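Structure assessment
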Amino acid sequence: MMRRSATAVIERDTTWSGPFATEPWEAAWAGEAIFFVRQLSTEDGASCDWLTARVQISPDGIRWVDEGHELILRGDQEMAFVRVGQFGGWLRLAGDVRDGSARVIVYLSLKE
Amino acid sequence: MTPIPGGPFRPLPDIIFADDFDRGLEGWTGLIGNYEHSLDSVLPGFRDLRPPMLSNATTWDTGTGGGALGTYSMKLATRARRQSLAVGIKRLTFSQACPIQVETLFTFKPEASELRLSLADVGAIGVILDLQDDRCRVMPHLRYRNAVDGQLAGHWQFKHRAPSFRNIGDSGETVSHFHLGPDSWDDVPNGQQQLCYNEIATKQNWHYLRVGFDLASMSFTALQCNDRHFDVAGLQPMTMPAMPNLWCMLNLVLFAEASADRRAFLYVDSVVMSADFGAVQRRDDP
């Protein structure tokens with residue numbers, strides 16, 4: 001049986017500064033996931049020193065706890081990712097943008 | 001051929017698709033406004049949209065609710081912000097300009113982030129077809145307006161007045177119009193309906209919806225939700241001149257809108273689109 005997969009663009013052309021969290025995403029059908037955070041260029045060259053994001057899981061999509069994995073994206077990097085498995089029913093990223101802002105597109109790639 | 005889900009479905013003779021979200025997203029995807037060169041050119045109303053997800057409808061107090069006919073449904077989730085939209089779309093083309101029918105089992109709920117009824121926190125849920133024949137682009141719009149500004153409404157509505165197009169980018173080849181806004185909706189005559197919401201935000205009851213539309217006459221033929229059959233004689237679709245790249249387009253759109261600063265969720269267990277191909281021959285050879 002071919003494994004099903006789906007990539008969701010969970011943030012698109014969103015500008016983060018300071019603390020952030022992505023929208024709750026249901027992923028109970030999937031066994032593995034990768035979050036990609038890609039930094040988009042800005043006309044005024046605005047950037048940040050770095051961005052950190054922690055994978056969080058939840059039993060209900062409302063209350064969240066750190067899963068243990070995280071990613072770091074430096075201001076001069078285009079993209080970073082973090083892999084996660086055995087996450088139950090819900091996933092999101094929560095993190096912080098230090099010293100500036102980041103214009104991002106965020107993908108959640110899920111696979112059975 | 002895709003098997004028809006059980007339940008209340010009574011499709012026309014020819015099945016175009018029968019989507020069961022226990023099998024995956026079945027070709028449903030997110031909507032994006034048109035753009036050129038940069039995402040900055042997307043019209044504001046289209047910018048903050050996310051694609052559908054697969055849900056097993058798990059709640060904090062009772063666990064997994066599942067779907068109407070299985071485990072998973074397609075879920076459209078708004079942001080926790082008043083008038084935030086969530087939109088899912090499936091894109092096809094039609095092979096015959098004949099009567100078609102859309103049937104779905106759906107339910108809607110606000111995020112159960114407060115221990116209260118939250119009955120009026122979902123603003124609206126709706127269904128749109130996006131069609132084009134040799135002459136016109138036609139966009140039948142229907143929605144169930146559940147509430148506005150925290151007050152219950154409980155009325156079916158349609159929209160036929162088209163917003164103006166805006167040029168996108170600098171090539172002269174791309175235009176866009178934001179037709180999903182809260183403006184210009186008209187009440188379906190005698191379109192009041194109270195749906196079973198149940199007594200707390202975590203209890204879901206599934207509803208049956210049937211929409212009929214004739215691609216030959218480009219007019220509504222049916223609107224049924226649960227036991228109510230509404231008169232569609234006075235309903236008009238949004239109509240505009242044909243566009244260069246959309247011939248025989250047959251898109252189906254589902255959407256949800258928040259009425260409060262709380263996430264609104266539309267769950268769709270299954271969708272069946274059917275057609276009556278024989279109607280063309282019966283019309284030509286009476």
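Residues numbered from 1 in each chain as written. Chains lettered and ligands numbered in written order. Predicted model: local features only at pLDDT ≥ 70, side-chain atom pairs only at ≥ 80, totals over all residues. Heavy atoms only, no water.

Next up on the list: the overall build of chain A. Helix and strand content of chain A: zero helices and seven strands. Its helices and strands taken in sequence order, chain A reads β-β-β-β-β-β-β from the N to the C terminus. Viewed in the frame of its principal axes, chain A has a C-alpha envelope of about 45 × 30 × 20 Å. Taking all 112 residues of chain A together, the buried fraction comes to 50%. Counted over contacts in chain A with a minimum sequence separation of 6, partners at least 24 positions apart contribute 80%. Split by element, the accessible area of chain A, about 5500 Å² in all, is 48% carbon and sulfur. (Helix = DSSP H or I, 4+ residues; strand = E, 2+ residues; numbered from the N terminus. Buried < 20%, exposed > 50% of the residue type's maximum accessible area, 1.4 Å probe, protein only. Contact = heavy atoms within 4.5 Å. Areas by Shrake-Rupley, 256 points an atom, 1.4 Å probe, with all protein chains shown as cover.)

Each partner contributes to the interface: chain A provides 23 residues, whereas chain B provides 31 residues. Summed over both partners, the interface of chain A with chain B buries about 2100 Å², with 50% contributed by carbon and sulfur atoms. It is R12, E23 and E26 of chain A that lose the most area in chain A upon contact with chain B, and together they represent 32% of the buried surface on that side. Run the count over chain A and chain B and you get five salt bridges. With its nearest N and O atoms 2.8 Å apart, the salt bridge here joins E26 of chain A to K75 of chain B. Connecting chain A to chain B are ten residue pairs in polar contact (both at pLDDT 80 or more). Elements represented by at least two residues in the side of chain A that touches chain B include exactly β1 (5–21), β2 (25–26) and β7 (90–111) of chain A. Among the elements that make up the side of chain A that touches chain B, the one with the highest residue count is β1 of chain A (seven residues). (Buried area = accessible area lost by both parts, 1.4 Å probe. Salt bridge = Lys/Arg side-chain N within 4 Å of Asp/Glu carboxyl O. Polar contact = N/O pair within 3.5 Å; in protein donor to acceptor, adjacent residues only side chain to side chain.)

A ring pair, where both rings are aromatic, is described by two values, the distance of the centres and the angle of the planes. Residue and element names in this part refer to chain B. As enumerated under the stated definition, the model contains nine aromatic pairs over all chains in all. Ring geometry for F213 against F220: centres 5.2 Å apart, planes inclined by 90 degrees, an arrangement best described as edge-to-face. Given a relative accessible area of 8%, F220 falls into the buried group. An aromatic cluster is defined as three or more aromatic residues linked by ring pairs; in this entry it consists of F108, Y144, W156 and F230. (Phe/Tyr/Trp six-rings, centres within 6.5 Å; stacked < 30°, edge-to-face > 60°.)

According to the stated counting rule, one finds 30 salt bridges over all chains in the structure shown. When the shortest N-O distance is used, the salt bridge between D121 of chain B and R116 of chain B registers 3.0 Å. Among the ionic contacts, a cluster of salt bridges with common partners joins E11 and E23 of chain A together with D48, R50, R79, R81, E111 and R263 of chain B.

What follows concerns the pairing of strand β17 (residues 219–225) of chain B. Residues and elements named next belong to chain B. For β17, a buried count of five out of seven residues is recorded, marking the element as mostly surrounded by other parts of the structure. Bridge count for strand β16 (residues 207–214) against β17 is six bridges, and the pairing is antiparallel. Paired with R210 across the bridge in β17 is Q224. The loop that links β16 with its antiparallel partner β17 comprises four residues; one of these, M218, has a positive phi angle of about 50 degrees. Bridging between β17 and strand β18 (residues 228–230) involves three bridges; their strand directions are antiparallel. Among the inter-strand pairings, C225 is bridged to a residue of β18, identified as R228. Connecting β17 to the antiparallel partner β18 that follows it, the hairpin turn spans two residues, and N226 within it adopts a positive phi of roughly 50 degrees. (Pairing = 2+ DSSP bridges.)

All names here are of chain A. Of the pairings in the sheet, the one linking strand β4 (residues 50–58) to strand β5 (residues 65–74) comprises seven bridges and is antiparallel in character. Note that in β5 the partner of R54 across the bridge is E70. Taking the residues that link successive antiparallel strands as the turn, the β4-β5 hairpin has six residues, and the phi of G61 there is positive, at about 80 degrees.

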